[in-house]
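Close look at the chain arrangement
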Amino acid sequence: MKFLVINGPNINFLGIREPGIYGSRSFADLLRLLEDTARELDVEVEQFQSNHEGDIVDKIQWAYGKVDGIVINPAAYTHTSVAILDALKAVAIPAVEVHISDVDSRESFRQVSYAGLACCKTIKGHGLEGYREAILFLKSRLEAT
Ligand code: DQA
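One structure accompanies this document, and this report is about it.

1. Focus on the overall build of the protein
- When you go through the protein residue by residue, the secondary structure sums to 5 helices and 5 strands.
- Starting at the N terminus and walking to the C terminus, you meet the elements of the protein as β-α-α-β-α-β-α-β-β-α.
- Taken against the 2.2 N^0.38 rule, which gives 15 Å for 145 residues, the C-alpha radius of gyration of the protein at 14 Å falls within 12% of a compact globule.
- In terms of principal-axis extent, the alpha carbons of the protein reach across some 40 × 30 × 25 Å.
- Here the protein holds 145 residues, and 46% of them are scored as buried.
- Contacts spanning at least 24 positions in sequence make up 75% of the contacts within the protein whose residues lie at least 6 apart.
- Entry remark: accessible area of the protein is about 7,000 Å², with carbon and sulfur atoms responsible for 49%.
- Charge-centre separation for the protein: the mean point of 15 positive side chains lies 1 Å from the mean point of 20 negative side chains.

2. Section: the site of the ligand
- R17, Y22, N73, A75, A76, H79, H99, I100, S101, V103 and R110 make up every residue found near the ligand.
- With respect to the ligand, the backbone of A76 contributes an N or O atom lying 3.2 Å from an oxygen atom.
- Within the side chain of H99, an N or O atom sits 2.8 Å from an oxygen atom of the ligand.
- Protein contacts shield 98% of the accessible area of the ligand, which totals 320 Å² for the unbound molecule.
- Classifying every residue of the shell around the ligand gives 5 nonpolar, 4 polar and 2 charged.

3. Observations regarding the nonpolar core
- Among the nonpolar cores identified, the biggest contains 22 residues, and I11, L14, L30, V71, Y131 and I135 are the most heavily contacted of them.
- Of all the secondary-structure elements, those providing two or more residues to this core are β1 (2-7), α2 (27-41), β4 (95-99) and α5 (129-144).
- Broken down by element, this core gets its largest block of residues, 5 residues, from α2.
- Apart from the residues lying within four places of it in its own chain, the contact partners of V71 are L4, V5, I6, V96, V98, Y131, A134, I135 and L138.
- If you look at the next biggest cluster of nonpolar residues, it comprises 19 residues, including I60, L88, I93 and A115.

Cut-offs and rules
Residues numbered from 1 in each chain as written. Predicted model: local features only at pLDDT ≥ 70, side-chain atom pairs only at ≥ 80, totals over all residues. Heavy atoms only, no water. Helix = DSSP H or I, 4+ residues; strand = E, 2+ residues; numbered from the N terminus. Rg over C-alpha atoms; globule rule 2.2 N^0.38 Å. Buried < 20%, exposed > 50% of the residue type's maximum accessible area, 1.4 Å probe, protein only. Contact = heavy atoms within 4.5 Å. Areas by Shrake-Rupley, 256 points an atom, 1.4 Å probe, with all protein chains shown as cover. Lys, Arg positive; Asp, Glu negative; His and termini not counted. Charge placed at Lys NZ, Arg CZ, Asp CG, Glu CD. Near = heavy atom within 4 Å. Polar contact = N/O pair within 3.5 Å; in protein donor to acceptor, adjacent residues only side chain to side chain. Nonpolar A, V, L, I, M, F, W, Y, C, P; charged D, E, K, R; others polar. Core = buried A, V, L, I, M, F, W, Y, C linked by side-chain atoms within 4.5 Å.

In structure tokens:
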């Protein structure tokens, strides 16, 4: 089973950006958590991070026919990008949306998620552990079908 984890803009600045909101763990810590999760669950996990909307669309299209599930934190593009929503709908790969922070308790513009409309689940406010939960959820869902 292979999963693709996509992170959008500024997620590579974890540990540096707004630690009061996103915590003190770094992007390298997140990559380690993904590797550990892959080993633990005996699945393959590829990660991709980009600050560019079109590159994220390209990566979602690339995933077609190659991965069994997508975990995506589109970051700020969550709230703006119809292109990422359309790409997720186009490939129709089971996808889970992850947000490190609890977007529901933040500014009103963060309450809207376009990408979430193409996802079977959203995990928010669980910090980096949310990525592990998302992979576990997708694995269990795929095993059940
Ligand atoms: C985020 C929440 C977004 O609103 C924000 O723009 C981000 C990160 C999160 O993981 O909590 O960059 O997606």
